[in-house]
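Below are the chains, spelled out letter by letter.
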Number of protein chains: 2
Amino acid sequence: MSKIQHRNLYREVADRIRELIEHGDLAPGERISEKQLCETFGVSRTPLREALKVLASEGLVELLPNRGARVMQLTVKMVKDTYDLMGALEGLSGELACQQINDGQIAAICKLHDQMLEHYHNREMQAYFAVNRQIHESILAAANNQVLEEMYNNLSYRVKRVRYSKKMTDAFWRQAVNDHEMMIVALKARDGKRLGQILRDHLCHKLEVVTLAGVIEDDELINAVNG
Amino acid sequence: MSKIQHRNLYREVADRIRELIEHGDLAPGERISEKQLCETFGVSRTPLREALKVLASEGLVELLPNRGARVMQLTVKMVKDTYDLMGALEGLSGELACQQINDGQIAAICKLHDQMLEHYHNREMQAYFAVNRQIHESILAAANNQVLEEMYNNLSYRVKRVRYSKKMTDAFWRQAVNDHEMMIVALKARDGKRLGQILRDHLCHKLEVVTLAGVIEDDELINAVNG
DNA sequence: TGATGGAATTATGAATTCATAATACCTTTT
DNA sequence: AAAAGGTATTATGAATTCATAATTCCATCA
């Protein structure tokens, strides 16, 4: 029996705007018109403005006092900084996971790993990514640290718009799979330090293959009156 | 020439509530009455509610749909989890700082370090903590990663209510100073890995001396209807 | 022609009002 | 007296209204 969902309008609206941003329907740097979004969603300005405050706290939106909101501009440096941070968090998740993960959880991850390998050999990129994500989520969950999970998800949302290169080269893909092989070894050995290090490096490799679509150079930021 | 500050009411209110929580005027788990706070601050409910949304995103406040807000309850596990996370972030800040810090910045930190030592020897705890914080902030700043800084500050705000033990033992204090001595050595050598490790350990030591005032056991959480 | 100044318009900030869910209190019944 | 049910009250959720800052556009003047 699932709990009754007390949905608030502002949460619903925030979710929808997040989707719009993620999907690119709201472009980076684009001005967000309250009136227009209100009409789109069919809500008044109150819940919309509350949603914008939340999204601003999450770093997805920028609020310019007396001048409204706009989709946060990502700079190359910000993306790099975020990846550095996510690397540290993934590393921590690996260390923590090794401290308390049980055999069943490890077996489950190994199973996912095998699935992933199969998708790799069949060159099913879509499916590969899906399972890949599941593996990382499993490790994060095994770390059993809610605060970490929350922070990681938030960061990951910020850079979700930065898409992987459509033509991820074979070499990179091979490298990624190789990283994962090492992860499994470290995980089975419950070698936290090592797993953490592999995860950190793994994310660095990831950064190398992202296309910086919608990302601007550091000095191209649209100037704004600061609050 | 400093920029004109466009203050919004909701920011002001959020700051004030943060202070109330930090100072303990709003106790953990305490119900926050909109009406009462509105009267206290002399504002209408709109900016207050916007402020609460922001504080909820920051993890300082909990919003219960149709039942208002209350100050976030910290559990022992949450504090421990948060410290683990902050350790990882401090570690990263050390690594990053070593990669790009210049001699001037190092000299400035060394100066702070000497001041801190003096306060230690004079047993001026208040002054010691102030300089101590400056050192950590300097390293964080030297890391030159805005996202990291933002996250770290947020986490630090969440556990600010958890006070250091009034009677921090001499042994712990000695240990802390010792950690700092090693930090300086690693920093001067620009040994990022090492500085990172020291900072991580240093935070673990810190966790040991916090008094868990206002912090409850994991299973004592007041049950609430979830949104 | 370009720059400056001011009125008109538009958008945001905040207060108020209305709607509804949650709570408290009282009555009724066994 | 205790429990159940229903009404009254209170607090929150959302829409609307009012105030004000920002922008646009046009007229004026150098």
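Residues numbered from 1 in each chain as written. Chains lettered and ligands numbered in written order. Predicted model: local features only at pLDDT ≥ 70, side-chain atom pairs only at ≥ 80, totals over all residues. Heavy atoms only, no water.

The name given to chain A in an unreviewed UniProt entry is GntR family transcriptional regulator, with Halomonas salipaludis as the source organism.

Colleague: Tell me about the relation of the copies chain A and chain B, and please be specific about residues and values.
Modeller: For the pair of chain copies, the relating transformation is a rotation about an axis with a translation along it. Under the fitted operation, chain A is carried onto chain B by 0.0 Å of movement along the axis and a turn of 180°, and the coordinates agree to an RMSD of 0.1 Å. Seen this way, the second copy is the image of the first under a two-fold rotation axis. In this assembly, 100% of the residues forming the interface of chain A have copies in chain B that are likewise at the interface, indicating an isologous arrangement. (Least-squares fit on C-alpha atoms with pLDDT ≥ 70 in both. Contact = heavy atoms within 4.5 Å.)

Colleague: Report on a negative patch on the surface, specifying residues and quantitative values.
Modeller: Taken together, A:Asp114, A:Glu118, A:Glu124 and A:Glu181 make up a surface patch of like negative charges. By the element assignment, A:Asp114 lies in helix H5 (residues 103-121). (Patch = residues over 30% accessible without salt bridge, like charges linked within 9 Å, V, L, I, M, F, W, Y side chains within 5 Å. Areas by Shrake-Rupley, 256 points an atom, 1.4 Å probe, with all protein chains shown as cover. Salt bridge = Lys/Arg side-chain N within 4 Å of Asp/Glu carboxyl O. Lys, Arg positive; Asp, Glu negative; His and termini not counted. Charge placed at Lys NZ, Arg CZ, Asp CG, Glu CD. Helix = DSSP H or I, 4+ residues; strand = E, 2+ residues; numbered from the N terminus.)

Colleague: Break down the sheet that holds strand S1 (residues 31-32) of chain B for me, citing the residues and quoting the values.
Modeller: Residue and element names in this part refer to chain B. Spatially, S1-S3-S2 is the arrangement adopted by the 3 strands of the open sheet, whose pairing is antiparallel. Two strands close off the open sheet at either side, each with one partner strand: S1 and strand S2 (61-64). Here S1 runs beside strand S3 (residues 68-71); their pairing, made up of 2 bridges, is antiparallel. Within the sheet, the bridge partner assigned to Arg-31 lies in S3 and is Arg-70. (Pairing = 2+ DSSP bridges.)

Colleague: Quick rundown of the protein's contact with DNA strand D? Include the residues and the values.
Modeller: Looking at DNA strand D, there are 18 residues lining it, with A:Leu9, A:Ser44, A:Thr46, B:Arg45 and B:Arg49 nearest. Among atoms of DNA strand D positioned within 4 Å of the protein, sugar and phosphate together represent 67%. With respect to DNA strand D, the side chain of B:Arg49 contributes an N or O atom lying 2.5 Å from a phosphate oxygen. Backbone polar atom of B:Asn66 to a phosphate oxygen of DNA strand D: 3.1 Å apart, as the coordinates give it. Looking at the surface near DNA strand D, the elements that each hand over two or more residues are helix H3 (45-57) of chain A together with S1 and helix H3 (45-57) of chain B. For the surface near DNA strand D, the element with the most residues is H3(A), which contributes 3 residues. Taken together, the residues of the surface near DNA strand D break down into 4 nonpolar, 7 polar and 7 charged. (Near = heavy atom within 4 Å. Polar contact = N/O pair within 3.5 Å; in protein donor to acceptor, adjacent residues only side chain to side chain. Nonpolar A, V, L, I, M, F, W, Y, C, P; charged D, E, K, R; others polar.)

Colleague: Give me empty space enclosed by the protein: which residues, what numbers.
Modeller: Residue and element names in this part refer to chain A. Within this structure, the stated rule accounts for 1 cavity of 30 Å³ or more. In this structure, the largest cavity encloses a volume near 130 Å³. Lining of the largest cavity is provided by 12 residues; of these, Met-168, Ala-176, His-202, Lys-206 and Val-209 occupy positions nearest its centre. Elements represented by at least two residues in the lining of the largest cavity include exactly helix H6 (125-143), helix H8 (170-188) and helix H9 (192-209). In terms of residues, the lining of the largest cavity owes the most to one element, H9, which gives 4 residues. Classifying every residue of the lining of the largest cavity by side-chain character gives 7 nonpolar, 3 polar and 2 charged. (1 Å grid on protein atoms, 1.4 Å probe; cavity = no way out; pocket = protein on both sides within 12 Å on 5 of 7 lines; lining within 4 Å. Points joined across faces, edges and corners; volume = space filled by probe spheres on them.)

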